[in-house]
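Observations on chain architecture
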Amino acid sequence: MNVNRAKQILDSAKEIEVQHNGTSIWIQNVNNEDGTARVYPKENPENEMTVDVQELQEM
């Protein structure tokens, strides 16, 4: 995924399925400068992590 698409998903009013390494995640924010996103698994919101947006997959 690219940064622009990650931002579109973040700003979307509807729920769009996104996965990181096979796990469904929510995107909290996107950093344009370094191409990363702050995400957390849907089943484990406490497990926040910063990942490269290229590692995210839209389902």
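For the structure itself, look to the data block above.
Only a predicted model underlies this, so the values are computations on that prediction, with no experimental measurement involved.

Right, let's get into the sheet that holds strand β2 (residues 23–31). Within the open sheet, the five strands sit side by side as β4-β3-β2-β1-β5. Their pairing is antiparallel. The two strands at the open ends of the sheet, each matched to only one other strand, are β4 (49–52) and β5 (56–58). Pairwise comparison of adjacent strand axes, ignoring direction, gives a mean angle of 50° for this sheet. Across three bridges, strand β1 (residues 18–20) lies against β5 in antiparallel orientation. Residue Val18 lies in a different strand from β5, and its bridge partner there is Glu58. Against the sheet, helix α1 (residues 3–11) engages β1, β2 and β5, with an angle of about 105° to β2.

A separate point is the nonpolar core. Core analysis: the largest hydrophobic core is formed by 13 residues, its most contacted members being Ile27, Val30, Ala37, Val39 and Leu56. Where this core is concerned, the elements lending two or more residues are α1, β2 and β3 (36–41). When near neighbours in sequence (up to four residues on either side) are disregarded, Ile27 contacts Ala6, Ile9, Leu10, Val18, Ala37, Arg38, Val39 and Leu56.

Attention shifts here to unusual backbone geometry. A positive phi is found at Asn21, a non-glycine position, where the angle reads about 50°. Given a relative accessible area of 65%, Asn21 falls into the exposed group.

Our focus in this paragraph is the side chain of Ser24. Inspection of the secondary structure assignment puts Ser24 in strand β2. Not counting the four nearest positions on each side in its chain, Ser24 is found in contact with Glu17, Val18, Gln19, Pro41, Lys42 and Glu43.

Opposite charge on two side chains makes pairing possible when the charged atoms of those side chains draw close. Evaluated as defined, the whole model comprises four salt bridges. Glu17 is paired through a salt bridge with Lys42; the nearest N and O atoms lie 3.2 Å apart. Pair noted here: Glu17 is in the loop between α1 and β1 and Lys42 is in the loop between β3 and β4, with a separation of 25 residues, a long-range link. Each of Glu15, Glu17 and Lys42 takes part in one network of salt bridges that share partners.

The rules behind each value
Residues numbered from 1 in each chain as written. Predicted model: local features only at pLDDT ≥ 70, side-chain atom pairs only at ≥ 80, totals over all residues. Heavy atoms only, no water. Pairing = 2+ DSSP bridges. Helix = DSSP H or I, 4+ residues; strand = E, 2+ residues; numbered from the N terminus. Axes fitted to C-alpha atoms, helices over the stretch in contact; angles between N-to-C directions. Contact = heavy atoms within 4.5 Å. Core = buried A, V, L, I, M, F, W, Y, C linked by side-chain atoms within 4.5 Å. Buried < 20%, exposed > 50% of the residue type's maximum accessible area, 1.4 Å probe, protein only. Salt bridge = Lys/Arg side-chain N within 4 Å of Asp/Glu carboxyl O.

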